[in-house]
Amino acid sequence: MKRLDSDTFRCIVSHAPLVSIDLIAHHDDKILLGRRVNRPAKGYWFTTGGRVLKNERIEEVQKRIARAELGLHELPTRPVFLGVFEHFYDDSVFEGVSTHYVNLAYRLDVGELNHLPTDQHSEYLWLTIEELMTNPEVHPYVKNYFKGR
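These numbers were taken from a predicted model, which means no experiment stands behind them. (Residues numbered from 1 in each chain as written. Predicted model: local features only at pLDDT ≥ 70, side-chain atom pairs only at ≥ 80, totals over all residues. Heavy atoms only, no water.)

Caption draft 1: Structural view of the overall build of the protein. Of the regular secondary structure elements, the protein holds four helices and seven strands. The helix and strand sequence of the protein, counted from the amino end, reads α-β-β-β-β-α-β-β-β-α-α. For the protein, whose C-alpha radius of gyration is 15 Å, the value lies close to the compact-globule estimate of 15 Å for 149 residues. Each principal axis of the C-alpha distribution contributes one length, and for the protein these read about 45 × 35 × 30 Å. Scored against the burial criterion, the 149 residues of the protein give a buried share of 44%. Of the roughly 8,600 Å² that the protein leaves accessible, carbon and sulfur atoms contribute 49%. In the protein, which carries 19 positive and 21 negative side-chain charges, the distance between the mean positions of the two groups comes to 5 Å. (Helix = DSSP H or I, 4+ residues; strand = E, 2+ residues; numbered from the N terminus. Rg over C-alpha atoms; globule rule 2.2 N^0.38 Å. Buried < 20%, exposed > 50% of the residue type's maximum accessible area, 1.4 Å probe, protein only. Areas by Shrake-Rupley, 256 points an atom, 1.4 Å probe, with all protein chains shown as cover. Lys, Arg positive; Asp, Glu negative; His and termini not counted. Charge placed at Lys NZ, Arg CZ, Asp CG, Glu CD.)

Structure (structure tokens):
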């Protein structure tokens, strides 16, 4: 999949929503969250995920995210679709530009994860749904995945 140059990507982020996928890693009744190192949502605990690239099938995106953000070379189980969510941010990777994501959320049941990558998240923790719902450092968009469930 071809990555966009910075000027083209800035134009798209400025004028159109992005389609993204979050893989909500689940193990032993806990959810894996990583502390984001990039904008938007920098500094918050968030699920793993990424945007869909042009001509990339959903299954390919899931595998790419699992490899890049969870260190998995293959999906351990079939991801379970949780729904479509909208994420609106006042910031983005570009100064002065807001971000709008149409997000497809999937639960991914995993085993123990070792050697988690630190490109997108500086540290990780496992929380129960109750713990993440009451933690002020967990982003509200993550909490939306579990409301009413």
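Caption draft 2: Main features of the packing of aromatic side chains. Throughout the structure, instances matching the rule amount to six aromatic pairs. Ring geometry for phenylalanine 81 and tyrosine 106: centres 5.2 Å apart, planes at 55 degrees, overall tilted. With a gap of 25 residues between them, phenylalanine 81 in strand S5 (residues 80-89) and tyrosine 106 in strand S6 (residues 99-109) connect regions that are remote in the sequence. Of the residues examined, phenylalanine 81 reaches a relative accessible area of 44% and is grouped as partly exposed. Assessed through its relative accessible area of 11%, tyrosine 106 is described here as buried. Aromatic side chains phenylalanine 85 and tyrosine 145 sit 4.8 Å apart centroid to centroid with 85 degrees between the ring planes, which places their arrangement in the edge-to-face category. One end of the pair, phenylalanine 85, is in strand S5; the other, tyrosine 145, is in the segment after helix H4 (140-144), and 60 residues separate them in sequence. We note that phenylalanine 85, like tyrosine 145, is buried. (Phe/Tyr/Trp six-rings, centres within 6.5 Å; stacked < 30°, edge-to-face > 60°.)

Caption draft 3: Broad picture of the pattern of salt bridges. One pass over the structure, following the stated rule, counts six salt bridges. The partner of arginine 39 in a salt bridge is glutamate 95, and the shortest N-O contact between them spans 3.5 Å. Here arginine 39 is found in the loop between strand S2 (30-36) and strand S3 (45-46), whereas its partner glutamate 95 is found in the loop between S5 and S6, with 56 residues between them in sequence. The partly exposed category is assigned to arginine 39, whose relative accessible area is 30%. Taking relative accessible area as the criterion, glutamate 95 reaches 61% and is therefore assigned exposed. Between arginine 107 and aspartate 109 there is a salt bridge, and its shortest N-O distance comes to 3.1 Å. Note on arginine 107: relative accessible area 28%, which makes it partly exposed. Three or more residues are tied together by salt bridges with common partners; here these are Arg35, Glu123 and Glu137. (Salt bridge = Lys/Arg side-chain N within 4 Å of Asp/Glu carboxyl O.)

Caption draft 4: Seen up close, the side chain of glutamine 62. You can see glutamine 62 is positioned in helix H2 (residues 58-70). Every residue in contact with glutamine 62, bar those within four places of it in the chain, is listed here: Ile21, Leu23, Leu75, Pro79 and Tyr106. (Contact = heavy atoms within 4.5 Å.)

Caption draft 5: Summary view of the environment of leucine 132. Tracing the chain through its elements places leucine 132 in helix H3 (residues 129-134). The exposure class of leucine 132 is buried, given its relative accessible area of 0%. For the pair leucine 132 and alanine 25, spaced 107 residues apart in sequence, the C-alpha to C-alpha distance is 13 Å. Beyond its immediate sequence surroundings of up to four residues, leucine 132 is in contact with Ile31, Leu33, Leu127, Val138, Val142, Lys143 and Phe146.

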